[in-house]
Amino acid sequence: MTGPLKISNPVDGETYARIVQFYAHQMQLLDERAAEEWADGFTEDGVFAQNVKPEPWTGRAVIAERMRAGMDRLATLDVQRRHWFGMVATERQDAETVLTRYYAMVFETPRGGRASTYLSTTGEDVLVLKDGQWRVSHRLITHDGT
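Residues numbered from 1 in each chain as written. Predicted model: local features only at pLDDT ≥ 70, side-chain atom pairs only at ≥ 80, totals over all residues. Heavy atoms only, no water.

(A) Layout of the side chain of H143. For H143, the position within the fold is in strand β6 (residues 133-143). Judged by relative accessible area, which is 10%, H143 ranks as buried. Setting aside anything within four residues of it in sequence, one finds H143 in contact with Q50, N51, V52, L119, S120 and T121. (Helix = DSSP H or I, 4+ residues; strand = E, 2+ residues; numbered from the N terminus. Buried < 20%, exposed > 50% of the residue type's maximum accessible area, 1.4 Å probe, protein only. Contact = heavy atoms within 4.5 Å.)

(B) Looking closely at the pattern of salt bridges. As enumerated under the stated definition, the model contains nine salt bridges in all. Close ionic contact of R60 with E44 constitutes a salt bridge, the shortest N to O distance being 2.6 Å. Taken together, the residues span a long stretch of sequence, with R60 in helix α3 (residues 60-75) and E44 in strand β1 (residues 42-50) at a distance of 16 residues. Overall, R60 belongs to the buried group, its relative accessible area being 17%. It is possible to trace a salt-bridge network through shared partners that takes in E36, R68 and D72. (Salt bridge = Lys/Arg side-chain N within 4 Å of Asp/Glu carboxyl O.)

(C) Here's a closer look at the sheet that holds strand β5 (residues 116-130). Reading across the sheet, the six strands line up as β2-β1-β6-β5-β4-β3 and stay open at both edges, with mixed pairing between neighbours. The outermost strands of the open sheet, each flanked by one partner alone, are β2 (57-58) and β3 (79-94). Both β1 and β6 contribute to a ladder of five bridges, which runs parallel. From the neighbouring strand, F42 faces β6, where its bridge partner is V136. The strands touched by helix α1 (residues 13-31) are β1, β3, β4 (97-110), β5 and β6; relative to β3, the strand with the most contacts, the crossing angle is about 155°. Along the sheet face, α3 touches β1, β2, β3 and β6 and points at about 50° away from the line of β1. (Pairing = 2+ DSSP bridges. Axes fitted to C-alpha atoms, helices over the stretch in contact; angles between N-to-C directions.)

Shown next, in the form of structure tokens:
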């Protein structure tokens with residue numbers, strides 16, 4: 001996808017609210033270092049790719065394992081990270097598939113310190129509705145400045 005969505009078939013307001021709630025829940029899990037629960041927001045064969053990593057993480061189990069390792073490393077730094085998603089654009093593909101594009105900021109606060117911006121990115125997801133729940137089948141995170 002990369003680049004602004006050409007929104008010719010936007011989702012309805014209720015669907016949009018549910019997607020934004022999905023993102024809020026998923027990012028709060030990430031901020032609480034609940035890697036496995038966060039990874040449950042992906043399909044079994046989901047993909048998590050970043051433009052700064054040589055290979056995408058493929059499959060929910062691999063995504064959970066790699067995110068757990070990253071969170072364990074972060075725990076040794078004694079910092080809190082907070083993820084903020086905004087400017088969420090949506091384009092319905094069919095009854096169960098939506099493309100999204102959003103901005104994501106990651107803030108980092110060391111214990112006793114001041115918050116600072118750790119990362120600024122864009123995200124592009126393919127969301128699918130599975131058993132009444134939104135799940136990410138493909139996520140591409142593009143870091144600004146790269």
